[in-house]
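Summary of structural features
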Amino acid sequence: MSAELPSHEGALVSLARDGESSAREELARHVGRSAYVFALQLTERPDTAVDVAQDSLLKFFQHLDRFDADRPIEPWLYQIVRNRVRDLMRRERVRRHESLDAWLEAGHPESADPSADPAANAERSDLGHRIWRAVSQLSQSHREIFVLRDHHDLSYREIAEVLSIPQGTVMSRLHAARKSLREILIAEGEARGGPPGRRGDGDE
Amino acid sequence: MAMSDLQHGFDEAMISGYLDGELTQGEEQRLSLHLEICAGCRNMTDELRRFKEATMATEFRVPDDTQWDETPRGRGSGFLRNFGWLILLVWVVGTLGYGLWQVAIDVEDLFQVVIVFGLSLGFGLLFLSVLIDRLTTRKTDPYRRVQK
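Just so it is clear, the model here is predicted, and its values are computed rather than measured.

Thoughts on the overall build of chain B
- In terms of regular secondary structure, chain B is built from seven helices and one strand.
- Taking all 148 residues of chain B together, 16% fall into the buried category.
- Here the analysis covers contacts within chain B between residues at least 6 apart in sequence; of these, 33% occur between residues at least 24 apart.

Concerning unusual backbone geometry
- Its identity is not glycine, yet Glu44(A) carries a phi of approximately 65 degrees, on the positive side.
- Structurally, the position occupied by Glu44(A) is in the loop between α2 (21-43) and α3 (46-62).

Remarks on the nonpolar core
- Judged by nonpolar contacts, the single largest core of 62 residues is most densely connected at Ala35(A), Tyr36(A), Ala39(A) and Val81(A).
- Counting residues per element, this core draws most heavily on α2(A), at 11 residues.
- In this view, Tyr36(A) contacts Ala49(A), Val50(A), Ala53(A), Val62(B) and Pro63(B); residues no more than four positions away in its chain are not counted.

Concerning helix α8 (residues 156-163) of chain A
Residue and element names in this part refer to chain A.
- Across the eight residues that make up α8, a large majority, six, are buried.
- Looking at α8, one finds that the buried residues are Tyr156, Glu158, Ile159, Glu161, Val162 and Leu163.
- Looking at the residues trailing α8, positive phi occurs at Ser164, about 55 degrees.

Describing helix α3 (residues 25-37) of chain B
- Helix length check: α3(B) (13 residues) gives 19 Å between terminal C-alpha atoms against 18 Å at 1.5 Å per residue, within 8%.
- In terms of residue burial, α3(B) counts as a barely covered element, since only one of its 13 residues are buried.

Here we look at the packing of helix α7 (residues 140-150) of chain A against α8(A)
Residue and element names in this part refer to chain A.
- At a minimum axis separation of 10 Å, α7 and α8 run at an interaxial angle of 145 degrees. Taken as a pair, α7 and α8 cross one another with a handedness that is right-handed. Residue-level inspection shows Glu144, Ile145, Leu148 and Arg149 of α7 in contact with α8, the latter providing Ile159, Val162 and Leu163.
- Residue composition of the contact of α7 with α8, grouped by class: five nonpolar, no polar and two charged.

Observations concerning the packing of helix α6 (residues 118-135) of chain A against helix α4 (residues 39-56) of chain B
- Between α6(A) and α4(B), the shortest axis-to-axis distance is 9 Å and the interhelical angle comes to 90 degrees. The angle between α6(A) and α4(B) places the two elements in the roughly perpendicular class. Contact with α6(A), carried on its side by Arg124(A), Leu127(A), Gly128(A) and Ile131(A), involves Phe51(B), Ala54(B) and Thr55(B) of α4(B) and no other residues of that element.
- Of the residues that constitute the contact of α6(A) with α4(B), the class distribution is four nonpolar, two polar and one charged.

Topic: the confidence of the model for chain A
All names here are of chain A.
- Residues at a pLDDT of 70 or more form 77% of chain A, whose mean pLDDT is 80.
- Note that pLDDT drops below 50 for residues 104-110; the model gives that stretch 16 contacts with residues more than four away or on any other chain.
- Low confidence marks residues 198-204, where pLDDT is under 50. Its contacts with residues over four positions away, or in another chain, come to six contacts.

Overview of the confidence of the model for chain B
Residue and element names in this part refer to chain B.
- For chain B, the mean per-residue pLDDT works out to 77, and 77% of the residues sit at or above 70.
- Element-level mean pLDDT values for chain B span from 38 in helix α7 (residues 142-147) up to 95 in helix α2 (residues 14-19).
- Of the regions scoring below 50 in pLDDT, residues 141-148 engages in nine contacts with residues more than four places distant in sequence or in other chains.
- Both confidence scores are given for the complex: pTM 0.68, ipTM 0.80.

Rules used throughout
Residues numbered from 1 in each chain as written. Chains lettered and ligands numbered in written order. Predicted model: local features only at pLDDT ≥ 70, side-chain atom pairs only at ≥ 80, totals over all residues. Helix = DSSP H or I, 4+ residues; strand = E, 2+ residues; numbered from the N terminus. Buried ≥ 20, exposed ≤ 12 C-beta atoms within 10 Å, placed from the backbone. Contact = placed C-beta atoms within 7 Å. Core = buried A, V, L, I, M, F, W, Y, C linked by C-beta atoms within 7 Å. Expected span 1.5 Å × (residues − 1). Axes fitted to C-alpha atoms, helices over the stretch in contact; angles between N-to-C directions. Left-handed = near helix turned anticlockwise from the far one by under 90°. Nonpolar A, V, L, I, M, F, W, Y, C, P; charged D, E, K, R; others polar. Parallel < 35°, antiparallel > 145°, perpendicular 65-115°, else oblique. pLDDT = per-residue confidence, 0-100.

Written out as structure tokens, the structure is:
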């Protein structure tokens, strides 16, 4: 999962609004990292992701005074990032990398939770790599909803807020995205001569 | 409603809601019962769960934290700002140096002495006060104790 904002983010926001320099720096680090990862997942371009993250960070702090410190930061932040990416893609014709190799070199997914069982860990890591390659082939709307839920761990209500869609639409669109991903992995598995997940399914 | 929904008698998207804990208690019970008897849906649920866990367990490398300056600026404005600071620094050093040299060669002019030494003293005291504040804040920052 991406770098999570700390559990005390409400206090952090309050202190940052009061001009506490340490709080502002800490908040900037967390917000910058999260914004970068989401932008990278949407654009597959590290240089563009850095620019988007910096722009988003600037906008975040410009409007921090109006933000309700009791609410989670992520939905608001991801909405800013998403809008910026959409603007870029529309105005500057930024296109995602077609090359999957470029994706892996730029933002190489790594296991965040090393398992005690090396074999299981390696299998999960391998599956993670194949999933992120498959994510590159999803449509923009499927990619957005998939990463927001399955990587950034947003609730359906928060996803609805970020994507500006009814909450009732989230589940159906997310399921369609997951099914598309599954189909891509199945096709890839067939091309490789095996099932999409691990070899010899059915033991779960 | 998709063909598969008609076959199973419920909206297939509920499998995702089930995995994410977003169903009502009634919906969850209904789906659990269905999964006990339907191998196809059970396999899909298991597979999607495994994908979700693998996706959650990945992390992306991020650039150095210096990228996340609190007030990020574009390359153009950043260059202009640095250039502006450089010009200002050269001007201050040049002006003060010239003033001190003038005073050194003509100590008779009391007005020049007041101007140059007053300016130097003012800048020096301001710099000292900022330095003291920074050092005090670094030692007594209450936020450090709170959040770390």
